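Listed here are the chains, written in short residue letters.
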Amino acid sequence: MKLTHWLAVAATAALVAACGSTTQGGAVGANRSQILIVSEAMMDEQAKLAYAETLQKASSARTLNINTAQTARVKNIASRLIAQTGHFRQDALRWDWQVNVIQEKTINAWCMPGGKIAVYSGIIDTLRLTDDELAAVIGHEISHALREHSREQASANALQNLGISAISQVAGLGDVGSTVVNTAAKYALSLPFSRNHETEADLMGLELMARAGYNPQAAVSVWQKMSAASGGSVPQFMSTHPSHATRIADLQAAMPKVLPLYQNAARGGARTKSAPAQKTQSGVRSFNTPIGQPRR
Ligand SMILES: [Zn+2]
């Protein structure tokens, strides 16, 4: 068999093995098939390093969790959302979730692979976010991590790189490993997601907030506020999360699926019970996060 033929067979086998879905669909049906050739462990490891570095910088600049009340508020809302992640994937309840608030005017928030969340005070203060709206923002970001969108992007990028270099590197595969590691590192940091990924995160975030007892209609008002606040300059959050009329229309279209969940949660008191019917309760660390650990 010719070398190129072998490569094609190997690549096909790898792709078949790598196809799947990171989550159960939930009420909103997020079960699109995904190609994931970069490992979850590698993404999580790179995210852990990048997160520690972000916290270290914020700590040095004295911008890490300095507003105690605001940090507690963010942490509380995140905890309630995290307690609902089992509806999409059970293993997420055991993730090492971390939530931190960075005191910066930037209108931004993100969740790195493996549940490493940062919310910038600018998004809360500038947009005067209500708890429901803050839940919409955090729920959206958590959903990117649950669906492992970064890993999907890194996989697509690695496949492309491997395809280009496979023939020349086949004699010694030494560089292929480092290509994948570098790609994972790059995508562990939030790069702009595709429209597909944004829609999924919108819908899943809607379900998470509804199940946690937050009014899903706030997902619409938060985008309206974002767009109103942008004025001449585009906030960072919006530049990576393009706003479209269709986005709001998509959210409205999904309301009938999630409003019953919200009504149910409101009746059942999801706001007061952080993890109903879940044996494993996710712990959320924030204040005593070990930062600046040496890299290995
Ligand atoms: Zn997004």
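Look up: the structure comes first, before these words.
Let us look at the structure shown here. What you see is a predicted model; the values in this text were computed from it and never measured.

## Considerations on unusual backbone geometry
Reasoning step 1: Even without being glycine, Arg-62 reaches a positive phi, approximately 55°.
Reasoning step 2: Along the chain, the position of Arg-62 falls in the loop between α2 (40-60) and α3 (68-82).
Reasoning step 3: For Glu-148, which is not a glycine, the phi torsion comes out positive at approximately 55°.
Reasoning step 4: Here Glu-148 shows up in the loop between α5 (131-146) and α6 (149-169).

## Concerning the environment of Gln-98
Reasoning step 1: Take Gln-98: it is sitting in strand β3 (residues 98-102).
Reasoning step 2: What makes Gln-98 buried here is the crowd of 23 C-beta atoms within 10 Å.
Reasoning step 3: Along the backbone, Gln-98 and Gly-115 are 17 residues apart, and their C-alpha atoms lie at a distance of 6.4 Å.

## Let's talk about the pairing of β3
Reasoning step 1: Most of β3 sits inside the fold, with five of its five residues counted as buried.
Reasoning step 2: Of the two faces of β3, the one carrying Gln-98, Asn-100 and Ile-102 and the one carrying Val-99 and Val-101 are both buried.
Reasoning step 3: Here β3 runs beside strand β5 (residues 116-120); their pairing, made up of five bridges, is parallel. Paired with Gln-98 across the bridge in β5 is Lys-116.

About the criteria used
Residues numbered from 1 in each chain as written. Predicted model: local features only at pLDDT ≥ 70, side-chain atom pairs only at ≥ 80, totals over all residues. Helix = DSSP H or I, 4+ residues; strand = E, 2+ residues; numbered from the N terminus. Buried ≥ 20, exposed ≤ 12 C-beta atoms within 10 Å, placed from the backbone. Pairing = 2+ DSSP bridges.

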